[in-house]
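Inside the fold
Residue-level listing of the chains:
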Amino acid sequence: MYTITVIPGDGIGPEVMGATLDILKASDLEFDFQEARAGYACFEDTGTNLPDETVEMAKNSDATLFGAVTSVPEQKTVGSILALRKKLGLYANLRPVKSYPGVKAVYDDLDILIIRENSEGLYSEIEEYTEEGATALRVITRKASERISHVAFTEALKRGKKRVTAVHKANVLRKTDGVFRDSFWKVASEYNQMDDYRDIETDEFYVDAAAMFLVTDPYRFQVLVTTNLFGDILSDEGAGLVGGLGMAPSANIGDNNGLFEPVHGSAPDIAGKGVANPAAMILSACLMLNFLGEHQEAFKLEEALINVLEQGKYLTPDLGGTSTTEEMARAVREIFEK
Ligand code: NAD
Ligand code: IPM
Ligand code: MN
């Protein structure tokens with residue numbers, strides 16, 4: 001029995017979460033889903049966008065599923081997902097950019113892993129107003145840079161990848177990204193000595209060039225490791241290459257916890273219409289199953305989704321279909337529970 005904290009959130013969050021839970025409930029595994037609140041509606045009702053109770057539940061469960069939240073206007077409070085990542089120590093954000101059959105995309109054969117440092121950088125939240133405007137502090141530590149570089153190499157080995165690429169802007173951010181780059185090369189030289197890792201190549205790109213090559217020649221990348229904000233931006237770009245935000249899942253991993261969420265937000269433009277693509281949430285559930293060690297169940301769920309995508313009969317509008325979130329999820333469930 002796995003205890004899973006479920007945070008549906010706002011907008012399409014509850015829609016894709018409901019659809020995904022309906023599928024997971026058809027699993028042979030036993031789950032105890034415990035719902036918790038966070039986000040904008042929670043803020044309006046309770047005065048906080050992240051109740052302590054939610055953090056405690058997430059800390060004490062086997063894993064957390066997070067839908068999406070609408071940000072409360074910047075000056076009022078820190079984003080609930082950012083606070084959760086910090087409070088749970090989720091320092092690694094794994095964001096696969098993977099093509100799926102039947103999905104109209106710029107590339108139909110990509111399988112890249114973007115690894116986003118999840119604890120610092122321009123997300124330090126140290127900002128202040130000055131006479132002229134405002135400043136933000138970009139914090140890059142050796143500890144976090146080395147830690148995320150370790151994740152990049154171990155994930156590369158786990159996934160059979162042959163190249164790890166560091167992405168930074170050390171030509172301008174000479175000190176901060178200098179630390180990030182040096183930390184990466186230090187860790188790379190350690191892995192280079194190890195038998196299992198010897199045939200994994202390493203290289204680096206400035207983020208501007210990386211952004212261009214992701215579009216023109218993404219085959220240069222297998223595992224891409226970068227700082228927090230660059231990873232945020234490049235992962236939406238990556239989603240754009242493989243069918244859009246409705247296809248992009250993510251895993252937030254720390255030493256003691258895992259939180260799994262789509263890369264997309266609450267999508268106010270389509271919220272309430274029942275047409276959000278549930279695939280990113282379903283694939284996030286696959287990442288959770290793998291995290292729990294349930295590899296076979298994860299494989300089965302991904303295969304069920306692939307089957308529905310390939311068939312092309314039950315697709316949401318973003319994928320060129322006319323189905324609702326529920327109809328697409330039901331089709332996945334029917335194959336999954338067979
Ligand atoms: P968004 O990801 O919500 O939406 C961007 C575009 O992608 C929209 O046109 C939307 O309709 C589309 N889209 C996103 N997910 C989709 C899906 N599953 N199926 C079909 N189409 C989908 O980004 P935004 O509009 O910039 O932000 C909206 C709100 O969400 C903001 O308040 C933002 O801060 C928040 N946000 C939250 C998270 C999170 O909870 N982790 C992530 C990103 C943005
Ligand atoms: C994401 C989102 C968040 C981020 C926002 C909502 C704070 O864009 O998960 O990619 O910037 O990390
Ligand atoms: Mn983002």
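Residue positions are given per chain, counted from 1 along the sequence in the order it is written. A letter from A marks each chain and a number from 1 marks each ligand, given out in the order of writing. Owing to the predicted nature of the model, reporting of local features is limited to residues with pLDDT of at least 70; listing and counting of side-chain atom pairs is limited to 80 or more, with chain, interface and lining totals taken over all residues.

Description of the overall build of the chain
In terms of helices and strands, the chain carries 11 helices and 12 strands. All radius of gyration figures rest on C-alpha atoms, and the globule criterion is 2.2 Å times the number of residues raised to 0.38. Against the globule reference of 20 Å for 338 residues, the chain gives a C-alpha radius of gyration of 20 Å, in line with a compact fold. Principal-axis analysis of the C-alpha atoms gives the chain an extent of 50 × 50 × 35 Å. Counting every position in the chain, which comprises 338 residues, the buried fraction comes to 48%. C-beta atoms are placed from the backbone for every residue, and two residues are taken to be in contact when these atoms lie within 7 Å. Counting contacts in the chain only where the partners sit at least 6 residues apart, residues at least 24 apart contribute 74% of the total. Runs of E in the DSSP output that reach at least two residues are strands. Runs of H or I that reach at least four are helices, and both are numbered from the N terminus. Counting other C-beta atoms within 10 Å of a residue's C-beta gives its exposure: the residue is buried at 20 or more, exposed at 12 or fewer, and partly exposed in between, where C-beta atoms are placed from the backbone.

A look at the UniProt feature "domain: Isopropylmalate dehydrogenase-like" (unreviewed entry) in the chain
UniProt positions are given in the numbering used here, feature names are shortened, and annotations may be inferred rather than shown by experiment. UniProt annotation of "domain: Isopropylmalate dehydrogenase-like" (unreviewed entry) refers to residues 3-332 when read in the numbering used here. What you have in residues 3-332 is 40% helix and 19% strand, and the ends, taken at the C-alpha atoms, are 23 Å apart.

So, the site of ligand 2
All residues are tested the same way: a C-beta atom is placed from the backbone, and lying within 6 Å of a molecule or strand makes the residue near it. Around ligand 2 sit Ser-71, Gly-79, Ile-81, Leu-82, Asp-232, Val-263 and Gly-265, and that is every residue in its neighbourhood. For this scheme, ten residues count as nonpolar: Ala, Val, Leu, Ile, Met, Phe, Trp, Tyr, Cys and Pro. Four count as charged, namely Asp, Glu, Lys and Arg, and the remainder, Gly too, count as polar. Along the lines of polarity and charge, the residues of the shell around ligand 2 split into 3 nonpolar, 3 polar and 1 charged.

Focus on the sheet that holds strand 5 (residues 111-117)
Being paired, for any two strands, means DSSP has found at least two bridges between them. On the basis of which strands lie adjacent, the open sheet formed by 10 strands has the order 2-1-3-12-11-4-5-10-8-9 and mixed pairing. Single-partner strands in this sheet number two, and they are strand 2 (31-35) and strand 9 (201-206). Sheet twist, expressed as the average angle between the axes of neighbouring strands with direction ignored, equals 25 degrees. As judged from the 6 bridges shared by strand 8 (residues 163-168) and strand 9, these two strands associate in the parallel manner. Opposite Thr-165, over in strand 9, you have Asp-203 as the bridge partner. Packed on one face of the sheet, helix 5 (residues 142-158) meets strand 4 (92-98), strand 5, strand 8 and strand 10 (223-226) and runs near 160 degrees to strand 5. In the packing of helix 9 (residues 279-291) onto the sheet, the strands contacted are strand 3 (63-68), strand 11 (249-253) and strand 12 (258-262), and the crossing angle to strand 12 comes to about 160 degrees. Lines fitted to C-alpha atoms define the axes, with helix axes restricted to the stretch in contact, and inter-axis angles between N-to-C directions lie between 0 and 180 degrees.

Structural notes on the site of ligand 1
Close to ligand 1 lie 21 residues, the nearest being Ser-71, Gly-246, His-264, Gly-265 and Asn-277. Considering only residue class, the shell around ligand 1 consists of 11 nonpolar, 7 polar and 3 charged.

Brief notes about the confidence of the model for the chain
The predictor attaches a confidence to each residue, and that confidence, scored 0 to 100, is pLDDT. Confidence in the prediction for the chain averages 97 pLDDT; 100% of positions are at 70 or higher. Per the prediction output, this complex has pTM 0.97; the corresponding ipTM is 0.98.

Details of unusual backbone geometry
The backbone of Glu-125 sits at a positive phi, close to 60 degrees, despite the residue not being glycine. Secondary-structure assignment places Glu-125 in the loop between strand 5 and strand 6 (127-129). With 14 C-beta atoms packed within 10 Å, Glu-125 lands in the partly exposed category. If you check the backbone angles, Ala-267 has positive phi at about 45 degrees while not being a glycine.

What to know about the environment of Ala-331
Tracing the sequence through the fold places Ala-331 in helix 11 (residues 325-336). For Ala-331, a count of 21 C-beta atoms within 10 Å puts it in the buried group. When the C-alpha positions of Ala-331 and Val-308 are compared, they lie 6.6 Å apart, and in sequence the two are 23 residues distant. Ignoring sequence-local partners within four residues, the contact set of Ala-331 consists of Val-308 and Tyr-314.

As for helix 9
Taking 1.5 Å per residue as the helical rise, helix 9 with its 13 residues ought to reach 18 Å, and the 18 Å between its terminal C-alpha atoms agrees with that figure. Burial within helix 9 is extensive, with 11 of its 13 residues counted as buried. Ala-279, Ala-280, Met-281, Ile-282, Leu-283, Ser-284, Ala-285, Cys-286, Leu-287, Met-288 and Leu-289 are the residues of helix 9 that are buried. On its buried face, helix 9 is in contact with helix 1 (13-24), strand 3, strand 11, strand 12, helix 10 (295-311) and helix 11. Trailing helix 9 by a residue or two, Gly-293 shows a phi angle of about 85 degrees, which is positive. Multiplying one less than the number of residues by 1.5 Å gives the expected span of a helix.

Quick look at the nonpolar core
Connectivity within a nonpolar core runs through C-beta atoms within 7 Å, and the core itself is a set of buried Ala, Val, Leu, Ile, Met, Phe, Trp, Tyr and Cys residues. Within the largest apolar cluster, 98 residues are counted, with the highest numbers of intra-cluster contacts made by Ile-115, Ile-282, Ala-285 and Val-332. No other element matches the 10 residues that helix 9 contributes to this core. Of the residues that make up this core, three or more belong to each of domain 1 (1-90 + 248-338) and domain 2 (111-241). Those residues in contact with Ala-285 that sit more than four places away from it in its chain are Thr-20, Leu-24, Leu-65, Phe-260 and Leu-301. Throughout, the edges of the domains are those of an automatic or database domain assignment.

Considering helix 11
Spanning 12 residues, helix 11 covers 16 Å between terminal C-alpha atoms, matching the ideal 16 Å at 1.5 Å per step. The set of residues buried in helix 11 consists of Thr-325, Met-328, Ala-329, Ala-331, Val-332, Arg-333 and Phe-336.

What about the domain arrangement of the chain?
Structurally, the chain comprises domain 1 (1-90 + 248-338) and domain 2 (111-241). For domain 1 versus domain 2, the separation of C-alpha centres amounts to 25 Å. The interface of domain 1 with domain 2 comprises 8 residues on the first partner and 7 residues on the second. Per-element tally for the side of domain 1 that touches domain 2: the top contributor is helix 4 (residues 80-87), with 3 residues. Residue composition of the side of domain 1 that touches domain 2, by class: 5 nonpolar, 1 polar and 2 charged.

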